[in-house]
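Residues per chain are reported as follows:
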Amino acid sequence: MTIPKGQPALPVDFNLESEVSEIEGRDGETYLQFTTHMVTFYKQTYGEHSRFFMALRDGRLIGAHCSQCKQVMVPAATWHCPNCNFAEMTEIDLPHRGVLAYTAPITIFPSASFLGDAPFARGYVDVATEAPIASFLPSRLRTTTGLERPGIFVKGIELKLVFEDERQGSIRDIFWVPMTEVPQGLRDKKPLLASELDFTTPEPPAVHKDAVKAAALKEAIAAMRKLAGDVGKSRRAQADLAGHEHLVGVNTGGGDFSISVADSRFSIVEGLSAGAEHTLVADDPEIFTRWVHDGSLTDAAVEGTLWLPHKEAFQLLPILDRLPRSTRRDLRDEKK
Amino acid sequence: MRKVGIVGAGITECRGRWVEATYWELFQQATRRACEDAKVTVDELDSVVYGIYNDIFEHQAIPESSLTGLIGMANKPGTRVTSGGATGFYAMRTAVMEVASGVSDCVLCVGGEKATDCFDPRSKSATPMVIDTIAKSWDPFYEYPLGATASDSYMQMCMGYDDTYPGDISDSDVRARMIEILCHSGNRNPYAQRREESVTVDQVKASRWIIAPFLRLLEACMYTEGAGAIVFASEDKAREIAERTGQPPVWIRGIGAANESYSPGRGGNYKPLNRIASDRIAAERAYQAAGVKPSDIKIIEAHDAFVAQLMITMGELGFVPIGKTRKLIDEGIMLDPKDLADDEAPGDGQLLINPSGGLIFGGHFVGGSNMFSTWSCRREMINRQIPLGLVHGTGAINACFGGAMVLELDEGGAR
């Protein structure tokens, strides 16, 4: 949810056509619903937090220090210590390294404002590790090894603070990466900029081809083509795919294929199509059979059995995951 | 402080969406049913406390104002309470205090939610907008801009717990079995949102990840539209009403609450992320006020936003040891309602946990979910003649708000 400077605060496609429409109730009666909104714009002051965000713009991380109880509060949420009868707190510079306080969750299904950002990790970083009492900094966590997945951001790992190259005064001006992913020569650099690390496409994993996987791929392709046929008869599934256009290659231990999404339908093409946006990698092609039978490509990506080159590649997966359920519901309704 | 009793309760059907009713109708329906249950008219109610969590869902900044006349509370005092997921609990606490203080003899407490009228124009579905509306409960400076949601916040706390107490909540078989039991409970509740569903251990384990590795789709509560109402009365009034209804009063024997700091951290007053201290402190206060201990209690209606959190909550409430909450399943402490007749009380070493189906199968209409829990706890205590019960509520970022209420079935109160 980083809105670049100068862009509308509310994305232009975040809107609905004004209408009053009919909707059927459980009782079979017709009811009305109307399109409306509850949007409020703000020019919200950072007030007492301004110092913290101005420091971020300057490439510094600051906290509020209490000389009585010695606590360090980061972010500097107040300048008067709630533990010490609101004694005045002073500004201190904090290190650009920290420790992950607890294993961090990975969000797969985000809220409306963060659609497109998933999967992402959010955790709490212990920055003032020397202080006897300290708050943890709510933080964005990133990896240079591809998607944020369980197993990377575990309790106790050392983290390096990274600053976005262009900063506007937001908690999203900074993020943390595992120290082990930072080249030795950059570990003490303050501030370390995002452009100094390599977040470009990581090396795809190797697949191990064999006859068993080739047979599994054949089965998977047949299952996916059956699903593609069912999508042609399913209004819900077509609505899931509406407006999406993709050509994605898939490299598996049983061979290659491509998934094409266009005109509210999808199709399976054998081999890697020229012009594919990117290539997914799965050693075990059976994950695609499981997907058709109500499994989940999203789960496969999160669990690491389906490798994706970048976050953009993830966005199609929840849409594909809906298709088996949508077709089943429509076909079931048809039978009734 | 005066003795306070529950004399009536009413809830609406829990639904994923009510297109047939706005929140005006839902609040009126719950109020009507509570009045019918207590055999009182609105004229006998001295005041009202509203539990409404979030203005954005109701799409009105003072939603209780439009309800006042519709639920028969014109020209009476009305207080709205909003405390995140624990809104229902805090609304009931306010109503109990109002009677206990002597200000009122009979108070209506009604709460509810209309969540899924929200709609996300980009995904063309309600869910991302509902998640976003709840995410607005987080501050606009540090947490919301990072994509905080209710699920990831509660799972952060579960992960902190698992870091400290490995091998407890991390066993997916244990969690899935709890879900199966809650499903059986939901099947018995005529108002439950998922009363027709049949969910097995295997289905839970095969459902999609919401937050790996502690939250699959079938381990989470739902978005529900509905309302629930409870009528609280002073001792004299409660006994008078009990004569009319033939239902025994259920007394509020002890009530406790605690809200932890918003910010997690080390030491001082910061929120420890590996526990739900608010649950523990609230329960200890409720037990102390009631003069009881957890081993005296056989029925619990706990706020189960997520099943892993329910396990931790049961530890914090003192029913199983922290770090060994899986004993609920391993040692058969958590009863499957299928193994108990509808008028039978749990035996020694057994607990009836969320016989309503909880928030996961029953429903979670935030402002009134804890009234829903209270409705169920009272119903089961009367039907099964269980002397003591516990209602629990939790809410806000990283489960930092907590409340607990010990209920007692009237001694002389046969059905």
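Refer to the preceding data block for the structure.
Since this is a predicted model, take the numbers as computed values, not measurements.

Trainee: Mind laying out the overall build of chain B, listing which residues take part and the relevant values?
Mentor: A tally of regular secondary structure across chain B gives 14 helices and 13 strands. Every one of the 415 residues in chain B was classed for burial, and the buried ones make up 66%. For chain B, restricting intrachain contacts to residue pairs at least 6 apart in sequence, the fraction spanning at least 24 positions comes to 77%. For chain B, the accessible surface area stands at approximately 13,100 Å², while carbon and sulfur atoms represent 49% of it. Side chains of chain B give 41 positive and 54 negative charges; the mean places of these two sets differ by 1 Å.

Trainee: Could you give an account of the side chain of E181 of chain A, naming the residues involved and the relevant values?
Mentor: Residues and elements named next belong to chain A. On the secondary structure map, E181 appears in the loop between β14 (174-178) and β15 (192-193). Buried and without a salt bridge, E181 has R142 as its closest oppositely charged side chain, separated by 8.9 Å. When residues no more than four places from it in sequence are discounted, the contact partners of E181 are T143, T144, T145 and I152.

Trainee: Provide a residue-level description of the environment of L215 of chain B, including the pertinent values.
Mentor: Residues and elements named next belong to chain B. Secondary-structure assignment places L215 in strand β6 (residues 215-216). Overall, the relative accessible area of 1% leaves L215 in the buried class. Sequence separation between L215 and A290 is 75 residues; the distance between their C-alpha atoms is 35 Å.

Trainee: Any chance you could break down unusual backbone geometry for me, citing the residues and the numbers?
Mentor: Geometrically, the link from V74 of chain A to P75 of chain A is a cis peptide bond, its omega value of 5 degrees lying close to zero. Between A212 of chain B and the following residue, P213 of chain B, the backbone shows a cis peptide bond with an omega angle of 5 degrees. Locating P213 of chain B in the fold gives a position in the loop between β5 (209-211) and β6. For K39 of chain B, which is not glycine, the phi dihedral falls at a positive 50 degrees. Note that K39 of chain B resides in the loop between α1 (23-38) and β2 (47-51).

Trainee: Got a sec to walk through the packing of aromatic side chains? Specific residues and values, please.
Mentor: Ring pairs (aromatic) are described by centroid distance and by the angle formed between their planes. The tally for this structure, following the rule as stated, stands at 19 aromatic pairs over all chains. With 6.1 Å between their ring centres and 45 degrees between their planes, F114 of chain A and F120 of chain A make a pair best called tilted. For the pair F114 of chain A and F120 of chain A, one class covers both residues: buried. Their ring planes at 80 degrees and their centres at 5.9 Å tell us that F365 of chain B and F372 of chain B sit as a pair that is edge-to-face. For the pair formed by F365 of chain B and F372 of chain B, the shared burial category is buried. Taken together, the ring pairs connect Y46, F52 and F53 of chain A together with F141 and Y142 of chain B into an aromatic cluster.

Trainee: Let's hear about the pattern of salt bridges: which residues, and what values?
Mentor: Oppositely charged side chains are able to pair whenever their charged atoms sit close together. All told, the structure shown has 59 salt bridges over all chains when counted by the stated rule. Note that D230 of chain A and K226 of chain A form a salt bridge whose closest N and O atoms lie 3.0 Å from each other. In this pair, D230 of chain A and K226 of chain A both sit in helix α2 (residues 211-231), four residues apart, roughly one turn of the helix. Here the residues in one salt-bridge network are R26 of chain A together with E13, R15, E20 and R195 of chain B, joined through shared partners.

Trainee: Please set out a nonpolar patch on the surface residue by residue, giving values where relevant.
Mentor: On the surface, a cluster of nonpolar side chains totalling about 370 Å² of accessible area is made up of V20, L32 and F34 of chain A. Its location among the elements puts L32 of chain A in strand β2 (residues 30-34).

Trainee: Any details on the pairing of strand β13 (residues 158-163) of chain A? Residues and values, ideally.
Mentor: All names here are of chain A. Extensive coverage of β13 is indicated by the burial of five of its six residues. Note: strand β8 (residues 97-100) against β13, three bridges, orientation antiparallel. Residue pairing in the sheet places V99 in a bridge with E158 of β13. Sheet topology places β13 next to β14; five bridges connect them, and they run antiparallel. Directly across from F163, in β14, lies its bridge partner I174. Summarising the sheet, β13 and β15 pair through two bridges and their orientation is parallel. Of the residues in β15, the one forming a bridge with F163 is L193.

Conventions we followed
- Residues numbered from 1 in each chain as written.
- Chains lettered and ligands numbered in written order.
- Predicted model: local features only at pLDDT ≥ 70, side-chain atom pairs only at ≥ 80, totals over all residues.
- Heavy atoms only, no water.
- Helix = DSSP H or I, 4+ residues; strand = E, 2+ residues; numbered from the N terminus.
- Buried < 20%, exposed > 50% of the residue type's maximum accessible area, 1.4 Å probe, protein only.
- Contact = heavy atoms within 4.5 Å.
- Areas by Shrake-Rupley, 256 points an atom, 1.4 Å probe, with all protein chains shown as cover.
- Lys, Arg positive; Asp, Glu negative; His and termini not counted.
- Charge placed at Lys NZ, Arg CZ, Asp CG, Glu CD.
- Salt bridge = Lys/Arg side-chain N within 4 Å of Asp/Glu carboxyl O.
- Phe/Tyr/Trp six-rings, centres within 6.5 Å; stacked < 30°, edge-to-face > 60°.
- Patch = residues over 30% accessible without salt bridge, like charges linked within 9 Å, V, L, I, M, F, W, Y side chains within 5 Å.
- Pairing = 2+ DSSP bridges.

Bear in mind that shape data such as this cannot, by itself, settle questions of function.
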